[in-house]
Amino acid sequence: MNILILGSGGREHSLAWACLQNPKCDKLIVAPGNAGIDMIADCATLDINDGSAVLGLAEAEAIDLVIIGPEAPLAAGVADALRAGGFAVFGPNQAAAELEASKRFTKEVCDAAGAPTAGWARFDQAQAAKDHVRTAGAPIVVKADGLAAGKGVVVAMTEQEALAAIDDMFGGAFGAAGAEVVIEEFMEGEEASFFVLCDGEVALPVGTAQDHKRVGEGDTGPNTGGMGAYSPAPVLTQALQDQVMAQIIHPTLKEMTKRGAPYQGVLYAGLMIKNGQARLVEYNVRFGDPECQVLMMRLGAQALDLMQAVAEGRLSEARVNWADDHAMTVVMAAKGYPGNYDKGSVINGLEDTAEDAFHMVFHAGTTEAGGKITATGGRVLNVTARGATLKEARDRAYGEVEKIDWAQGFSRTDIGWRAL
Ligand code: AMP
Ligand code: GLY
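Keep in mind that what you see is a predicted model, and the values were worked out from it rather than measured. Positions within a chain are numbered from 1, following the residues in the order the chain's sequence is written. Here every chain gets a letter starting at A, and every ligand a number starting at 1, in the order they are written. Two thresholds apply to this predicted model, a pLDDT of at least 70 for residue-level local features and 80 or more for giving and counting side-chain atom pairs, whereas whole-chain, interface and lining totals are computed over all residues. Computation of side-chain values covers all heavy atoms of the structure but excludes hydrogens and water.

## Some points on the site of ligand 1
1) Next: Neighbouring residues of ligand 1: 15 residues in total, closest E184, E185, M187, E191 and E282.
2) Next: Taking K143, its side chain carries an N or O atom lying 3.0 Å from an oxygen atom of ligand 1.
3) Next: Side-chain polar atom of E184 to a nitrogen atom of ligand 1: 2.8 Å apart, as the coordinates give it.
4) Next: Taken by itself ligand 1 offers 470 Å² of open surface, and the protein chains cover 88% of this.
5) Next: To qualify as a helix, a DSSP run of H or I must reach at least 4 residues; to qualify as a strand, a run of E must reach at least 2; elements of each kind are numbered from the N terminus. Elements that contribute at least two residues to the shell around ligand 1 include exactly β7 (140-144), β8 (153-156), β9 (181-185) and β16 (277-284).
6) Next: Note on residue classes: Ala, Val, Leu, Ile, Met, Phe, Trp, Tyr, Cys and Pro are nonpolar, Asp, Glu, Lys and Arg are charged, and everything else, Gly too, is polar. Looking at side-chain class alone, the shell around ligand 1 contains eight nonpolar, no polar and seven charged residues. Being near a molecule or strand, for a residue, comes down to having at least one heavy atom within 4 Å of it. Each polar contact in these results corresponds to two N or O atoms within 3.5 Å; when the atoms are within protein, one needs to be able to donate a hydrogen and the other to accept it, and residues that are neighboring in sequence are counted only if both atoms are side-chain atoms. Values of accessible area rely on a 1.4 Å probe in the Shrake-Rupley scheme; residue burial ignores everything except the protein chains shown.

## So, the packing of aromatic side chains
1) Next: Ring pairs are drawn from Phe, Tyr and Trp, using the six-membered ring of Trp, whenever the two centres fall within 6.5 Å, and their geometry is named by plane angle: stacked under 30 degrees, edge-to-face over 60, tilted for the rest. Following the criterion strictly, the structure yields five aromatic pairs and no others.
2) Next: Between F195 and F287 the ring centres are 6.1 Å apart and the planes differ by 35 degrees, which places this aromatic pair in the tilted class. With a gap of 92 residues between them, F195 in strand β10 (residues 190-199) and F287 in the loop between β16 and α11 (291-299) connect regions that are remote in the sequence. Neither F195 nor F287 differs from the other in exposure class; each is buried.
3) Next: These aromatic residues form a ring-pair network of at least three members: F90, F195, Y268 and F287.
4) Next: In this structure, R386 is placed above the aromatic ring of F358, and the distance from its NZ or CZ to the ring centre is 4.7 Å. When a residue's accessible area, from a 1.4 Å probe over protein chains only, is under 20% of the maximum for its type it is buried; when over 50% it is exposed; and in between it is partly exposed. Both a distance and an angle decide whether a charge sits over a ring: NZ of Lys or CZ of Arg must be within 6 Å of the ring centre and within 35 degrees of the ring normal.

## As for the site of ligand 2
1) Next: As a structural note, the neighbourhood of ligand 2 is formed by D211, G225, Y268, N284, R286, G288, D289, P290 and E291.
2) Next: Within the side chain of D211, one N or O atom sits 3.0 Å away from a nitrogen atom of ligand 2.
3) Next: A distance of 3.0 Å is found between an oxygen atom of ligand 2 and a side-chain nitrogen or oxygen belonging to R286.
4) Next: Its residues assigned to classes, the shell around ligand 2 shows two nonpolar, three polar and four charged.

## Observations concerning the nonpolar core
1) Next: Throughout, nonpolar core names a set of buried Ala, Val, Leu, Ile, Met, Phe, Trp, Tyr and Cys residues whose side chains join them through atoms within 4.5 Å. Core analysis: the largest hydrophobic core is formed by 51 residues, its most contacted members being L82 and I249.
2) Next: Note on contacts: a residue pair qualifies if any of its non-hydrogen atoms lie within 4.5 Å across the two residues. Filtering out sequence-adjacent residues up to four positions away, L82 remains in contact with V54, L55, A58, V66, I68, F87 and V89.

## Observations concerning unusual backbone geometry
1) Next: Cis geometry is found at the peptide bond from A31 to P32, where omega equals -5 degrees.
2) Next: Looking at where P32 falls in the secondary structure, it is placed in strand β2 (residues 27-32).
3) Next: Going from Y337 to P338, the amide bond is cis rather than trans, its omega being 10 degrees.
4) Next: A positive phi is found at A62, a non-glycine position, where the angle reads about 50 degrees.
5) Next: If you trace the backbone, A62 turns up in the loop between α3 (51-60) and β4 (65-68).
6) Next: With a relative accessible area of 46%, A62 lands in the partly exposed category.
7) Next: Positive phi values are uncommon outside glycine, yet D219 reaches one of about 60 degrees.
8) Next: Take D219: it is sitting in the loop between β12 (214-216) and β13 (220-223).

Read these as geometric descriptors, not functional statements.
Put into structure tokens, the structure is as follows:
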């Protein structure tokens, strides 16, 4: 079959890598891709948020399955355009992508579904939002309603921070995404990610993971898109997964269908776990990045069969074959990230790293020129490995990190510390 993947990060590199393990995959195009993806697939230049442009490419290349990696094309309705054109798509329609594109929408769905989540209120005026913060007190969480590239959430430990966040959001720091603000009760606990495939009717859990959002050792310093991840997440026991399916996932999917927006794709539930109970922090309508990299490392070729079953509405026939294994990914980022960093530094040593069923360096922000790989982003490489234990996966991943010669890059040395 001919497959088109949309996106350009480590997530999409890992999706491409997994698809290529499967003998079903005849042709693989990734738009726009990156230097690492270009080594294993054809890259196409395209505005992936433009439904008619993506539809045109899918038609020209006789694509059988389109896998949409990031949230922006989903929120822009690219899946709708492709489905209307008769293509099989992995990823929700625009109306279902509201589960990520609007915090208020998610909260309303949770309330209607009776799914446990933090208490909340919404505001479209700064004054009323501030009054609410002064009454409720800190810690408290202030969120821009819309998509803000992962930066629209302020976990305020003091009232002052919360008030400043409200001023920022209504002042336009996140553009239209901040025209409405959701203020939430602060939840304590341990966070974990739970991934569930849904084909509009059937839901199938496809793995758990934990990531490290803070830039510094010991989970300190500013928030990032994720400095590393591992799967499975020990905190998400089978009993807890069953609880989450019964109390959060199934009721949400039922509510989405009731609203005329059945969910098709992967639903990524960010959970907060305390005293053996899970509450929803947020939904994303795509795989996490870098969580996808560890899930793909563990699933391998069957990931394509599963995504195809979702896109074709055949998930009831599908099964996940789990090996009793663990995977870890270590993010190598440009020095300065998540603040200012230089672009264009050369990365050496990649040719010495192992590429097999147990090791893979996924590229997140790279380009190739004159035979040299250079860094073009903040998060640049995802050094990923699998093992029989998390410790083995960790040792393998850090063994590969050692081989990469990139003076302008850095990585955390303690990914997985909580679980190890
Ligand atoms: P979100 O984009 O909604 O996942 O928020 C980003 C991060 O902020 C989450 O991963 C949590 O670490 C934190 N966060 C969001 N909402 C809450 C909450 N209600 N209580 C505590 N932490 C939260
Ligand atoms: N790693 C967090 C995310 O993909 O949203």
